[in-house]
Every structure is written in structure tokens, then in C-alpha cells.
Amino acid sequence: MNYIFSTINHKKMIKKNKFSPYISIFQNNIHRFIIIFLIAIFIYNSAWKLHLPGLEYDETLFINAALLGPGEELEFIYKRIFGMPVLVMRYIGALKSYFYLPIFTIFGVSVTTIRLPMIILSAASILINYAIMKQVLNHWWALGLTALIATDPLLMFNSKLDYGPVSMMIFLKSASLLYLLKFTQDLSKKSFLLFITFCLFGIYDKLNFVWYVLAIIPATMLVYYDRFITLAKPHLKLFIFFAVLAIIFGFVFGFVFVLPIFKMRELNHQIIVGTITSYIWAIDATNLYGFTINGGMSNETVRYMFFLSLSVIILGFLLIIPFKGFRKDITEQKKTIKFILMIITASLLILFQISITEASIGGQNHFLILYPFHFFVIVGAGWLLKTFFDFLIKSSPRAKLLKTIGFIIILSLFACQISGNWHGVSQYHAAFQDNNSFKLVWNPAIYQLAETAQKINPDRIISSNWGTHNQIQALAAPQDRIKYLNRFNPFVEMHNAQGAQRDLINERVFKELFQGNRVLLIQYADIFIKNTVYEFINKYSNRMVCQRIAIQDANTQKDFYELFLCDAR
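Just so it is clear, the structure is predicted and the values come from calculations on it, not from any experiment. Residue indices begin from 1 for each chain and proceed along its sequence in written order. At least 70 in pLDDT is required for a residue's local features to be given in this predicted model, at least 80 for side-chain atom pairs to be given and counted, and no such filter applies to totals for whole chains, interfaces and linings, which use all residues. Hydrogens are left out, water is left out, and the side-chain values use all remaining heavy atoms of the structure.

Q: Got a sec to walk through the sheet that holds strand β3 (residues 92–93)? Specific residues and values, please.
A: By the convention used here, strands pair only if DSSP detects at least 2 bridges between them. The numbering of helices and of strands both runs from the N terminus, where a helix is a DSSP run of H or I of at least 4 residues and a strand a run of E of at least 2. Across the sheet, 3 strands lie side by side as β1-β2-β3; this open sheet has antiparallel pairing. The open sheet is flanked by β1 (79–81) and β3, the only strands paired with a single partner. The sheet contact formed by strand β2 (residues 84–89) and β3 spans 2 bridges and is antiparallel. Bridging across to β3, leucine 87 finds its partner in glycine 93.

Structure (C-alpha cells):
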């Protein structure tokens, strides 16, 4: 009998423990599962209603170069070398275009192929920032950082629309920071060369990346001076030679390339206050929503800004806290302290450069060169608060209970920050509905316009206003893209001219663009230049037959685009 019962119990134990290997795998990899979950949340929320708002003009500026410029009428190819586009604009390289070249070759050009790759690239940036914080602290604090970034509507919004553009900049900056941090630890040539490589790619991608480079290098040398002394001692002459060479190169590059584009301005207290205010606005995602949506969005992110400010205050306070024992405790974690000090120093240097740069006025996307530095500071503040709390209670008889309370407090601060983020995400979902009306260049009517232009299939498709050409050309059939012409400047010139001069411009435009062709002329239905277009069409009514076609705003049911199909054959 005892044998029977022992056999039954043994079988029960086997049955009970058959999932033990899987449970063990889950327990050992729980942080990885959390990361996958957070990345999935980020991608889902970023890609939600991917087609809304409508494709915007700047969002598509890289596409012509990605298609290798099949015709000279294609815009945004500032410079070619051996026929290959190398500059999209004077200060924007063709790096993003090269990234998209295989994507468009395989999958074609569409809203999905334009927007989804940048969302995935931003997801990769989140993983890189996780790796950075894991090196600085551990994977649990790194998870906290990942949760803050992956639920941030600011990154979701900018990844989806890549307004700036900023997604590749954030990726390259994060990658360079990861290898810079590795270099401060191992002083290896590989880490240093990878840091330099990502910085050079960043500058080529967009010239304002130089703000980050000119900030992070001195900040690192200042904070990690002991590591550079260790590096320099065995090869002092060689170190000085390369340092002088780098300084000379920096000055030459600055004066030849940077200064002519980024004009300097005098610094005063109003500019400093304005820069700080603009930075705060930039990390408050509701301002960006308001930029695309008529009427904007309710600005209820007080908790978000409050806990951001609170974290910075806590960090500043704890760095100078007058407890010798505590200072001894955190000295053991000086790697973390140094990293946060480097981030703060670099952030201040970047803000200074933005302040003295005239070209940065009015561009909140410029401040994303600092992203996600404020989250590094928040996590660093949380770690310092926990360390300080542990220091205060380590001699208490109820240390275990107090430690649990401290953990709950820290977790609550993070939860409040994530709650603020999620509030922004909920606004994101509420605003990006089909029944919302989007501002001029963000209106989804652009898709109907592109479809109508393809169906009509005229000899030429001419945009007389800014903000429509790039999108409809990108969405056109490959063989038809050469037909799309941006003629905003001639019509503005026509609008501003008077008398005989205006007649001369009218005649030139008619002969160059309309005569002998079946032309589709596109303009916004309610914009300053529309009367000029009406006058032009009436003036040449005896030399061409024109038919008006209207495309309406889905929300207001008012005419949004006016199309004139003019036959002058």
C-alpha cells in the first residue's frame, strides 16, 4: 500500500513539475519578455491609423533621391556625384534616401513603405537606449527607461511622421552614445572608431547633428578626464597630435560648412528663456498634435512636466547632498554619476548652441537632438533617490519594510510619468480619427488628389501651391512621375507682378507649361493665390478649354483642392 501511494505521489510530482523548465526560462528571461511587450506597444501605437494624417511635404523630401532621380524635374536633389544623389538639401545628406532605396525597389512607394520603416528604426533606437542604461546601471533600471520611451507619444508621433526628419538622427545619436560609453570603459579603438563613424553618418544625415558632436565630446572629456589621462600617458605625443588635428578640422569644418548655413546671433536673456521654453514645448507632445490638427488638442500634460521637473530637482539636490556616508555609497557607483553628469553637461552645451543659432528659430524638431536625454536624467534621479533612501534606512531594524516602501515610492514616480505619457497617447488616438479635420498640408485629401491625378492621366500635372507636389509625385505610378511639375514659384511671381510685367509672365507660363498639352493644374481651394489662377485661366479661355474638378475635405465637406483640367492642344 505504501508503495502504491508513493508511486502515485511521485507521478503527481512529475505531472506538477513538467512545466518547470518553461517556468525557469520565463523567470530567467522576464526582462526580455517585458522589452518585447514594450516594443510591441510602441510599434502598435505608432502605426495605428498609419495613413493619418495625410502625407506631408517635408515627410517625402527624401523620396526623389531614393528613386535615384529619374528626371531633372524631380526636386530635392541638391548635389549629385557621378549621377548619384548625395545631398537632398544643402544641409541634408541622402543617407535616408539610401536607406529607403532597397525598400522602394522591393515594395514600391506607399504610405506604409514611407512611414513603417521609421517606426521600426525608432524601435531599434529604444533597444539601443536600453543597452546604454543597462551598462550604466542594470537591466531593471534599463527597463524603466524603456517603459518611459516606449510609451512616449512624442517619439510615437515623430516616428510616424518623421517631421524634421528626426528618426534617423535619434538612431545614430543613440548608437554613437552607446559606443562612446563603451569607449570610456574599455578605451578600445573599435569603440572609438564606431563612435566616430556614427557621428559622421549623423552629420551627413543632417548638419545640425554637429550640435550633438560639439557637445558630447567636450562633456565626455570633462567628466571622464581620468580615463583620457590614462589613455594619453603611454602615447602622449600621439594623443596631442590627434587632439590638435581634430581641433583644426573642427574649426575648418565649422567655418566652411556650418557657419554659412547656421548663422550666429547675439545671446541675451530673452533668447535663453525662449530656448528653454521652446525645449519644454518640444517635449510636450500636445504642441506637435496641435501643429497638424485644426483646433489643436487640450494641453493636459501637467503631470508629465511636473514629474520631469521634480526628477531634475531631486537629481540636483542629491548630487550635492551633505552626507559623507552617502557620498561614499554613491562613489561605488561613480559610473552612473558620471554618465548622468555627462548627459546634463552635453544637454546644456546643445541648448547653448541652439540659442546662438539663428537657423534654429521656430523649429521645435531641432530640440529632438536632445532626445531622450531627459529620460536618462529621470532614471538617474530615481536611482539616486533609491540609493539615498537605502542609505538612510540601512541601520534601521525595519530596513526591509522601509526598503519596500521606498521601492513603491520610486515605482509610483515612474508610474506617474508613464501615466502622463499614456494620457498623451490617448489624445493621439482620439485625435487621429477619420472624422477629424487636419491642417492644410496634413489633410488626408492628398490621397484622393493623388488617385484623381492618376486616373485623369494628363500630359502634365502642375502644382501651383506649396505643399502638394512631393506627395502626389511619390504616390504616382513610376512611369508617370516625370509628368509632375512643381511650379509654385512662377505662380507666386505672377501673383506679385502687375500690369505689363504680369502679362509677360502669364504668356511665358502658358507657352512653357500649357501650350500644346493637356494639363492638370492643382491648387488649394482657399489660399491667397487662387484668384491669380482664376485670372490666368480666364485670360487664356480662348486658347484652351478648362474643366474644374473639386476635392472636398472629408470633415467639413468644403472644397479643399481645386483641379483645372486644361486642354491647350
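Q: Before we move on, could you go through the nonpolar core and cite the residues and values that matter?
A: Leu177, Tyr212, Phe339, Met342 and Tyr561 are the most contacted members of the largest nonpolar core, which totals 134 residues. Counting residues per element, this core draws most heavily on helix α6 (residues 111–136), at 12 residues. Contacts are assigned to residue pairs with any non-hydrogen atoms lying within 4.5 Å of each other. Here methionine 342 is in contact with Leu177, Leu180, Ile216, Ala219, Thr220, Val223 and Tyr224, once residues within four sequence places are set aside. For this analysis, a nonpolar core means a set of buried residues of the types Ala, Val, Leu, Ile, Met, Phe, Trp, Tyr and Cys, connected via side-chain atoms within 4.5 Å. Relative accessibility under 20% of the residue-type maximum defines a buried residue, over 50% an exposed one, and the middle range a partly exposed one, all with a 1.4 Å probe and only protein chains included. Listed in part, the 22 residues of the second largest apolar core include Ala497, Phe510, Ile537 and Ala568.

Q: Provide a residue-level description of the pairing of strand β8 (residues 559–567), including the pertinent values.
A: Judged by how many residues are buried, β8 sits mostly within the fold: 7 of 9 residues are covered. Where strand β6 (residues 518–524) and β8 come together, 7 bridges link them in antiparallel fashion. When the sheet's bridge partners are listed, tyrosine 524 is paired in β8 with tyrosine 561. Bridge analysis of strand β7 (residues 545–552) against β8 gives 8 bridges, and the strand direction is antiparallel. The partner of cysteine 546 across the bridge, within β8, is cysteine 566. Taken together, β7 and the strand that follows it, β8, pair antiparallel across an intervening segment of 6 residues, in which glutamine 557 is found at a positive phi of about 60°.

Q: Outline the confidence of the model for the protein, supporting the account with residue identities and numerical values.
A: pLDDT is a residue-level measure of predictor confidence that goes from 0 to 100. Overall, the prediction assigns the protein a mean pLDDT of 81, with 78% of residues at 70 or greater. By mean pLDDT, helix α1 (residues 2–17) is the weakest element of the protein at 49, and α6 is the strongest at 95.

Q: Can you explain the environment of leucine 180? Please cite residues and give values.
A: Inspection of the secondary structure puts leucine 180 in helix α9 (residues 167–186). You can call leucine 180 buried: its relative accessible area is 5%.

Q: I'd like to hear about the pattern of salt bridges, residue by residue, with values.
A: Definition used for salt bridges: Asp or Glu carboxyl oxygen within 4 Å of a side-chain nitrogen of Lys or Arg. The full count for this structure, using the stated rule, is 12 salt bridges. Between lysine 96 and aspartate 162 there is a salt bridge, with the nearest N and O atoms lying 2.3 Å from each other. Of this pair, lysine 96 sits in helix α5 (residues 95–107) while aspartate 162 sits in the loop between α8 (153–161) and α9, and the two are 66 residues apart along the sequence. Exposure class is identical for lysine 96 and aspartate 162. Each is buried. Linking lysine 483 and aspartate 480 is a salt bridge whose minimum nitrogen-to-oxygen distance equals 3.6 Å. Counted as one network, the salt bridges with shared partners bring together Glu507, Lys511 and Arg543.

Q: Kindly report on the pairing of β2, identifying the contributing residues and their values.
A: A regular strand carries its side chains on alternate faces of the sheet. Sheet topology places β1 next to β2; 3 bridges connect them, and they run antiparallel. Bridging across to β2, isoleucine 81 finds its partner in methionine 84. Where β1 folds back on β2, the antiparallel hairpin that results is connected by 2 residues, among which phenylalanine 82 adopts a positive phi of roughly 55°. Hairpin geometry of β2 and β3 is characterised by an intervening segment of 2 residues between the two adjacent antiparallel strands.

Q: I'd love a proper account of the state of the cysteines, names of residues and values included.
A: Only a pair of cysteine sulfur atoms within 2.5 Å qualifies as a disulfide here. Across all of its chains, the model carries 1 disulfide by this definition. With its sulfur 2.4 Å from that of its partner, cysteine 546 forms a disulfide with cysteine 566. Judged by the torsion about the S-S bond (115°), the cysteine 546/cysteine 566 disulfide is right-handed. You can see cysteine 546 sitting in strand β7 and its partner cysteine 566 sitting in strand β8, a full 20 residues away along the chain. Residue classification places cysteine 546 among the partly exposed residues on the basis of a relative accessible area of 27%.

Q: Outline the sheet that holds strand β5 (residues 484–486), listing residues and values.
A: Taken together, 5 strands build an open sheet; the order of strands is β5-β4-β6-β8-β7 and the sheet is mixed. Strand pairing shows two members of the sheet lacking a second neighbour, β5 and β7, which therefore form its edges. Here the strands of the sheet are splayed against their neighbours by 20° on average, with no regard to which way each runs. Lines fitted to C-alpha atoms define the axes, with helix axes restricted to the stretch in contact, and inter-axis angles between N-to-C directions lie between 0 and 180 degrees. Of the strands in this sheet, β6, β7 and β8 touch helix α25 (residues 530–539), which is tilted by about 155° from β6.

Q: Could you give me a rundown of empty space enclosed by the protein, with the residues and numbers involved?
A: The distinction between a cavity and a pocket rests on a 1 Å grid over the protein atoms alone: a 1.4 Å probe fits inside a cavity but cannot get out, while a pocket stays open yet meets protein on both sides within 12 Å along at least five of seven lines, and a residue with an atom within 4 Å of a point counts as lining. Grid points are joined across faces, edges and corners, and a volume is the space filled by probe spheres set on the points. Following the criterion strictly, the structure yields 7 cavities of 30 Å³ or more and no others. Empty space within the second largest cavity amounts to approximately 70 Å³. As for the second largest cavity, its lining consists of Asp58, Glu59, Leu61, Phe62, Val88, Ile92, Gly93, Lys96, Asp162, Pro165 and Asp205.

Q: Can you lay out the side chain of serine 122 for me, pointing to particular residues and giving the numbers?
A: Tracing the backbone shows serine 122 in helix α6. Non-local contacts of serine 122, meaning those with residues more than four positions away in its chain, are made with Phe42, Leu155, Ser159 and Ser167.

Q: Explain the packing of aromatic side chains to me, using residue names and the numbers behind them.
A: The criterion for an aromatic pair is that two Phe, Tyr or Trp rings (for Trp, the six-membered ring) have centres within 6.5 Å, with stacked assigned to planes under 30 degrees apart, edge-to-face to planes over 60 apart and tilted to the rest. Enumeration over the complete set of coordinates arrives at 23 aromatic pairs. Ring centres of phenylalanine 491 and phenylalanine 536 lie 6.0 Å apart, and the angle between their planes is 80°; on these two criteria the pair is classed as edge-to-face. Linking phenylalanine 491 in helix α23 (residues 488–496) with phenylalanine 536 in helix α25, this pair joins segments that are 45 residues apart in sequence. Residue phenylalanine 491 shares its accessibility class with phenylalanine 536, and that shared class is buried. A centroid spacing of 5.5 Å and a plane angle of 25° characterise the contact between tyrosine 524 and tyrosine 561, whose relative ring orientation is stacked. Placement of tyrosine 524 in strand β6 and of tyrosine 561 in strand β8 is noted, with a sequence separation of 37 residues between them. For the pair shown, tyrosine 524 and tyrosine 561 are each scored as buried.

Q: Lay out a nonpolar patch on the surface in plain terms, naming residues and giving numbers.
A: Surface patches are defined over residues having more than 30% relative accessible area and no salt bridge, joining like charges when they lie within 9 Å and nonpolar side chains (Val, Leu, Ile, Met, Phe, Trp, Tyr) when within 5 Å. Computed by Shrake-Rupley with a 1.4 Å probe, the accessible areas treat only the displayed protein chains as cover when residues are assessed. Where nonpolar side chains cluster on the molecular surface, the patch consists of Ile272, Ile276, Ile280 and Trp281 and spans about 350 Å² of accessible area. When you line up the elements, isoleucine 280 lands in helix α14 (residues 269–282). Overall, isoleucine 280 belongs to the partly exposed group, its relative accessible area being 37%.

Q: Just give me the short version of the environment of phenylalanine 367, but keep the residues and values in it.
A: In this structure, phenylalanine 367 sits in the loop between α18 (334–355) and α19 (373–393). When sequence neighbours within four positions are dropped, the list of residues in contact with phenylalanine 367 reads Thr275, Ser278, Tyr279, Ala282, Leu351 and Ile354.

Q: Explain the packing of α6 against helix α7 (residues 139–150) residue by residue, including any values.
A: As a packed pair, α6 and α7 sit with axes 8 Å apart at the nearest point and diverge in direction by 150°. Judged by the angle between their axes, α6 and α7 are roughly antiparallel. Crossing handedness for the pair α6 and α7: right-handed. Each of Ile126, Asn129, Tyr130, Met133 and Lys134 in α6 lies in contact with α7, whose residues at this interface are His139, Trp141, Ala142, Leu143, Leu145, Thr146, Ile149 and Ala150. When grouped by side-chain class, the residues that make up the contact of α6 with α7 number 9 nonpolar, 3 polar and 1 charged. For classification purposes, an angle smaller than 35 degrees is called roughly parallel, one larger than 145 roughly antiparallel, one from 65 to 115 roughly perpendicular, and anything else oblique. When the near helix sits turned anticlockwise from the far one by under a right angle, the crossing is termed left-handed; a clockwise turn instead gives a right-handed crossing. Three classes are used: nonpolar for Ala, Val, Leu, Ile, Met, Phe, Trp, Tyr, Cys and Pro, charged for Asp, Glu, Lys and Arg, and polar for all others, with Gly counted as polar.

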